[in-house]
Amino acid sequence: MDPLDLREEMPALDDVTYLNTGAASPVPRAVVEAATDEIEYQSYAAPAGEGMYPALFDSLETSREAVAGFLGADLDEVALTNSTADGISRIATALPWQAGDVVVRTDCEHSAGILPWERLRDVYGVEVRVLETHEGRVDLDDAKTVLDGADLLCLSSITWNYGTRFSVAELTDIAHDAGALTLVDAVQSPGQVDLDITEWGADFAVGAGHKWCCGPWGAGFLYVADDATDALEPTRVGYRSVAAPDDDAFEFAPGVRRLEVGTTSPAPHAGLRAALDALESIGLSTVEDRIERLTDRLKDGLDDDRLLSPREYESGLVTIADDDPEATVERLSEAGIAIRSLPSPAALRASVHVFNTADDVDTLLDAL
């Protein structure tokens, strides 16, 4: 598939210059059709065929296989969730916390990577430390100091506010040397980065399909490295999270499946499968190359005092200084251009994906 073929499959782009994929992506027709077909099959065919539950479980397993393959993970290392925040919360509530345990997060985390630890602080007396960065850059010596005695590090693969890439593998090594597990908010990576998630060496990683994967809402995913599974002692349990639900004394299901609790709709992940197929038909190297070219074009049109993201390419997220970000976003919206404002730093953020064009970039620059 050519990137412009994907663009033609997105009806929303007929009415907007869309540069906000870092929040959520327009969805191709084939993705909506796949989700709709799944609902129709479950509702119309399965009751008279193999049965609704067997059809449900077959569909979920097919989706698990697709996500695992896309991430470069083993099948038993992937759980299907609702969202990034859902995945982080599943990990946060499955670790055996005690008063005095320490969680470290960076100052570039989304609220999904902040609120669970504040809750642990309130409930268990967990200490929450913040690893300060400089415009989305981590000093590794600072990381060693802050991680001393820590139990968990939470960090993003690509920062949502600057578009910088953290050195996840190096920070994971530092965390492991300190005796801490590592949880990666990876939602800004799959779909714009040709990713082998195991290369980070992280214990846990979470993401969702509605951003760079161009999938529907509700199709999240969670990776747990095989050797990190034993660290999880879930407080939420249901028939899908145990090996044999009717046994008198239950045992958790093997691998990360112990974090999947009960019945859920297979439709969002069926849509995600179609979205991943589309990206793979384009080729992730093509996706990355096109995002880089278009991102460079956008940055070339911005003065240094306006560009808050690195001038050298790191991701399709571009942060732009602005005196009144919310007013500017509203003005651009009225002109048919979709970007977003950021709370910290107070700025604009544009997201450039493979379906965007040079005309999209120029339209934004002219409006700015």
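Only a predicted model underlies this, so the values are computations on that prediction, with no experimental measurement involved. Here the residue index of a chain counts from 1 through its sequence in written order. Per-residue local features of the predicted model are confined to residues with pLDDT of at least 70, and side-chain atom pairs are confined, for both listing and counting, to 80 or more; whole-chain, interface and lining totals are unaffected and use all residues. For the side-chain quantities, the full set of heavy atoms in the structure was used; hydrogens and water were omitted.

Asker: Would you mind going over the overall build of the chain with me for this structure?
Answerer: Going along the chain from the N terminus, every DSSP run of H or I of four or more residues is numbered as a helix, and every run of E of two or more is numbered as a strand. Across its full length, the chain holds 11 helices and 12 strands. In this setup the radius of gyration rests on C-alpha atoms only. A globule is expected at 2.2 Å times the number of residues raised to 0.38. The C-alpha radius of gyration of the chain comes to 21 Å, within 12% of the 21 Å expected for a compact globule of 368 residues. Taken along the three principal axes of its C-alpha coordinates, the chain extends 65 × 60 × 35 Å. Taken over 368 residues, the chain has a buried fraction of 55%. Where accessible areas are quoted, they stem from the Shrake-Rupley method and a 1.4 Å probe; at the residue level, only the protein chains shown are allowed to cover. Counting every atom, the chain has about 15600 Å² of accessible surface; 46% of that belongs to carbon and sulfur. Here the chain carries 26 positive and 70 negative side-chain charges, and the mean point of each set is 3 Å from the other. Three labels apply to residues, based on accessible area from a 1.4 Å probe with only protein chains included: buried if under 20% of the type maximum, exposed if over 50%, partly exposed otherwise in between. Here the positive residues are Lys and Arg and the negative ones are Asp and Glu; neither His nor the chain ends is included. Taken as the charge location is NZ of Lys, CZ of Arg, CG of Asp or CD of Glu.

Asker: How should unusual backbone geometry be read in this particular structure?
Answerer: Trans is the prevailing form of peptide bonds, just as negative phi is the prevailing case for residues other than glycine. In the segment running from Ser 344 into Pro 345, the intervening peptide bond is cis, with an omega of 0°. Locating Pro 345 in the fold gives a position in the loop between strand E11 (340–343) and strand E12 (346–351). Residue Glu 135 is not a glycine yet carries a positive backbone phi of 50°. Relative to the helices and strands, Glu 135 resides in the loop between strand E4 (127–131) and helix H6 (140–147). Its identity as a non-glycine residue notwithstanding, Cys 214 has a phi of 65°, on the positive side.

Asker: Which parts of the structure should I look at to understand the sheet that holds strand E8 (residues 220–224)?
Answerer: The strand order across the open sheet built from 7 strands is E2-E8-E7-E6-E5-E3-E4, with neighbouring strands paired in mixed fashion. Two strands in the sheet have a free side with no partner beyond their single neighbour: strand E2 (78–81) and E4. Neighbour-to-neighbour, the strand axes of this sheet turn through a mean angle of 20°, independent of strand direction. Any two strands are treated as partners once DSSP identifies two or more bridges connecting them. In this structure, strand E7 (residues 204–208) lies alongside E8, joined through 5 bridges in antiparallel fashion. Across the sheet, the residue bridging to Phe 204 is Val 224, located in E8. In what follows, residue pairs with any heavy atoms lying within 4.5 Å of each other are defined as contacts. Axes here refer to lines fitted to C-alpha atoms; in helices the fit is confined to the stretch in contact. Angles between the N-to-C directions go from 0 to 180 degrees. In this fold helix H4 (residues 84–92) packs onto E2, strand E6 (181–185), E7 and E8, with an angle of close to 155° to the strand it touches most, E7.

Asker: Is there a simple way to think about the pattern of salt bridges in this case?
Answerer: A side chain with one charge may pair with a side chain of the opposite charge, provided their charged atoms come close. Salt bridges are defined by distance alone: a side-chain nitrogen of Lys or Arg within 4 Å of a carboxyl oxygen of Asp or Glu. Throughout the structure, instances matching the rule amount to 14 salt bridges. Put simply, Arg 257 and Glu 61 hold a salt bridge, and the shortest N to O gap is 3.0 Å. Taken together, the residues Arg 257 in the loop between E8 and helix H8 (267–282) and Glu 61 in helix H3 (residues 52–71) connect sequence positions 196 residues apart. For Arg 257, a relative accessible area of 18% corresponds to the buried category. Look at Glu 61 and you get partly exposed, because its relative accessible area is 25%.

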